[in-house]
Amino acid sequence: MSGEGGTFVRAYHADDHDALVALWRAVFPDAPALNDPADDIARKLLVQPEAFLVAERDGDVVGTCMAGYDGHRGWVHLLAVARAHRRRGVGAALIERAAELLAAAGCPKLNLQVRAGSPEAVAFYASLGFAVEARVSMGKHLAPRA
């Protein structure tokens, strides 16, 4: 799928690995240690790998996101766009493709989480029609990580 400005969104390929690890480390420099990009990639490839999306521009990896559907709601995780390619439709193209994949699977609603203190991210998602909902996000680690 092509997006604005020559962005092409496609499924992840194994040769994207190093570029995505570098992208996530650049975009999420304060991510907790348990969010190791290589581990996240390996886990995603086991579950709905077709919904692991990569955005290319002129042959370079410039963005990515992971999408998934659990039978109740769809989710988007780890949407990242290289700083030099922001405000050019890359993130919107990734969300659009994720929404298409999830809708085709029968998903009625798409959810995502934004870390507190990210007003730019909130504004971006609001521009795409997402709304802040009155929810409390909770989590529990299921297994210790090395």
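Use the structure listed above.
The model shown is predicted, which means the values in this text are computed figures rather than measured ones.

What counts and how
Residues numbered from 1 in each chain as written. Predicted model: local features only at pLDDT ≥ 70, side-chain atom pairs only at ≥ 80, totals over all residues. Heavy atoms only, no water. Helix = DSSP H or I, 4+ residues; strand = E, 2+ residues; numbered from the N terminus. Rg over C-alpha atoms; globule rule 2.2 N^0.38 Å. Buried < 20%, exposed > 50% of the residue type's maximum accessible area, 1.4 Å probe, protein only. Contact = heavy atoms within 4.5 Å. Areas by Shrake-Rupley, 256 points an atom, 1.4 Å probe, with all protein chains shown as cover. Lys, Arg positive; Asp, Glu negative; His and termini not counted. Charge placed at Lys NZ, Arg CZ, Asp CG, Glu CD. Pairing = 2+ DSSP bridges. Axes fitted to C-alpha atoms, helices over the stretch in contact; angles between N-to-C directions. Disulfide = S-S within 2.5 Å. Expected span 1.5 Å × (residues − 1).

This next bit is on the overall build of the protein. Within the protein one finds four helices and five strands. Secondary structure elements in the protein, listed N-terminal to C-terminal, are β-α-α-β-β-β-α-β-α. Computed over C-alpha atoms, the radius of gyration of the protein comes to 15 Å, within 12% of the 15 Å expected from 2.2 N^0.38 for 146 residues, which places it in the range of a compact globule. Taken over the C-alpha atoms alone, the protein extends approximately 40 × 35 × 30 Å along its principal axes. Every one of the 146 residues in the protein was classed for burial, and the buried ones make up 32%. Partitioning the intrachain contacts of the protein with sequence separation of at least 6 by distance along the chain shows that 61% fall at a separation of at least 24. Per element, the accessible surface of the protein, about 9,000 Å² overall, is 56% carbon and sulfur. The average position of the 16 basic charges and that of the 17 acidic charges among the side chains of the protein differ by 7 Å.

Here we come to the sheet that holds strand 5 (residues 110–112). Pairing within the open sheet is mixed, and its five strands lie in the order 1-2-3-4-5. The outermost strands of the open sheet, each flanked by one partner alone, are strand 1 (7–11) and strand 5. Averaged over all adjacent pairs, the angle separating strand axes in this sheet is 30°, with direction ignored. Sheet analysis places strand 2 (residues 52–57) next to strand 3 (residues 60–69), joined by six bridges and oriented antiparallel. Each bridged residue has a counterpart across the sheet, and for Phe52 the counterpart in strand 3 is Met66. Sitting on the sheet, helix 2 (residues 37–44) is in contact with strand 2, strand 3 and strand 4 (74–81), with an inclination near 50° to strand 3. Helix-sheet contacts for helix 3 (residues 90–104) involve strand 1, strand 2, strand 3, strand 4 and strand 5, and the interaxial angle to strand 4 is about 160°.

Let's shift gears to the state of the cysteines. Counted by the stated rule, this structure contains zero disulfides. As a non-bridged cysteine, Cys65 has Cys107 as the owner of its nearest cysteine sulfur, 13 Å distant. Under the relative-accessibility criterion, Cys65 is labelled buried at 0%.

Once that is clear, we can look at helix 3. Taking 1.5 Å of rise per residue, the 15 residues of helix 3 would be expected to cover 21 Å, and the 21 Å separating its terminal C-alpha atoms lies within 8% of that figure. Along helix 3, the residues classified as buried are Val90, Gly91, Ala93, Leu94, Ile95, Ala98 and Leu102. Looking at the packing, one finds that the buried side of helix 3 touches strand 1, strand 2, strand 3, strand 4, strand 5 and helix 4 (119–127). Following helix 3 by one or two positions, Gly106 has its phi on the positive side, about 90°.

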